[in-house]
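Close look at the chain arrangement
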Amino acid sequence: MSQALLKTCAGISRHTALTLGRAMSVPQINSTCLYHSKVIDHYENPRNVGSLDKNDKSVGTGLVGAPACGDVMKLQIKVDDDGRIVDAKFKTFGCGSAIASSSLATEWIKGKNVDEAAKIKNTDIAKELSLPPVKLHCSMLAEDAIRAALLDYKTKKEVKP
């Protein structure tokens, strides 16, 4: 099986792709697991992977999941005194589209103020990554994670020591 075809199967392991290659014809594999190049880029080179200190009052943490597919996404933001997001990190357990959606979301929210970040919609993420309808839930998780992180930050900010 060619390396180009294996790259289209970013959501499955090389071993699985090779095993499928023996069991299926190449067109079947290609139509089953074709990812857009932007998804592959974010999957192979995820941006902003990691964690921030959840006890820091300037850090908001959003933890969301999709029971139907098992994806879990943690997205964290660090906000400065002016309300600008100066850092964002994520950890995602899920498919290539979920990882790509998380990675893109962290790129987009860095540098925005909290109100601007709240305006990011799953449809924008899905469009940028060219997600097919069956993967739209991944972009919805990313939007939900952003909102949850913003809510956590605002809740911490309201609590006076």
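Conventions we followed
- Per chain, residues are indexed from 1 in the order of the written sequence.
- In keeping with the model being predicted, local features are shown solely for residues with a pLDDT of at least 70 and side-chain atom pairs are shown and tallied solely at 80 or more, while totals for entire chains, interfaces and linings include all residues.
- Note that the side-chain values use all heavy atoms of the structure and ignore hydrogens as well as water.
- A run of H or I in DSSP counts as a helix once it spans at least four residues, and a run of E counts as a strand once it spans at least two, with each numbered from the N terminus.
- Whether a residue is buried, partly exposed or exposed follows from its accessible area with a 1.4 Å probe, protein chains only, as a fraction of its type maximum: under 20%, in between, or over 50%, in that order.
- The accessible surface values rely on the Shrake-Rupley method and a 1.4 Å probe; as for residues, cover is taken only from the protein chains in view.
- In these notes, a set of buried Ala, Val, Leu, Ile, Met, Phe, Trp, Tyr and Cys residues joined through side-chain atoms within 4.5 Å is what counts as a nonpolar core.
- We call two residues contacting when some pair of their heavy atoms lies within 4.5 Å.
- Each polar contact in these results corresponds to two N or O atoms within 3.5 Å; when the atoms are within protein, one needs to be able to donate a hydrogen and the other to accept it, and residues that are neighboring in sequence are counted only if both atoms are side-chain atoms.
- Expected span, for any helix, means 1.5 Å times one less than how many residues it has.

In the nomenclature of an unreviewed UniProt entry, the chain corresponds to NIF system FeS cluster assembly NifU N-terminal domain-containing protein from the organism Orchesella dallaii.

We now examine the overall build of the chain. If you tally the helices and strands in the chain, you get eight helices and three strands. Ordered by position from the N terminus, the helices and strands of the chain form the series α-α-α-α-β-β-β-α-α-α-α. When the 161 residues of the chain are sorted by exposure, 40% land in the buried category. Looking at the chain as shown, the accessible area adds up to about 8800 Å², and 56% of this sits on carbon and sulfur atoms.

One finds L75, I77, I85 and I109 to be the most contacted residues of the largest nonpolar core, which totals 32 residues. Elements with a contribution of two residues or more to this core: α4 (37-44), β1 (59-66), β2 (71-79), β3 (85-93), α5 (96-109), α6 (114-117), α7 (122-129) and α8 (136-158). When residues of this core are assigned to their parent elements, the largest contribution, eight residues, is made by α8. I77 has contacts with L52, S58, V59, G60, I85, D87, A88, I109, A149, L150 and Y153, leaving out every residue within four places of it along the chain.

With that settled, the discussion passes to the environment of T61. Within the secondary structure layout, T61 lies in strand β1. When the C-alpha positions of T61 and L75 are compared, they lie 5.9 Å apart, and in sequence the two are 14 residues distant. What T61 contacts, discounting residues up to four positions off in sequence, is K54, K74, L75, Q76, A148, A149 and D152. A distance of 2.9 Å separates polar atoms of two side chains, one belonging to T61 and the other to Q76.

Now for the environment of K121. Turning to its location among the elements, K121 is positioned in the loop between α6 and α7. Given the relative accessible area of 36%, K121 is considered partly exposed. Taking the C-alpha atoms as reference points, K121 and D144, 23 residues apart in sequence, are found 9.2 Å from one another. Contact partners of K121, with chain neighbours within four places excluded, come to E143 and R147.

The end-to-end C-alpha distance of α5, which contains 14 residues, comes to 20 Å, matching closely the 20 Å that a straight helix rising 1.5 Å per residue would cover. Counting buried residues along α5, twelve of its 14 residues qualify, which places the element largely inside the surrounding structure. Along α5, the residues that are buried comprise G96, S97, A98, I99, A100, S101, S102, S103, L104, A105, T106 and I109. Tucked into the core, α5 has its buried residues touching α4, β2, β3, α6, α7 and α8.

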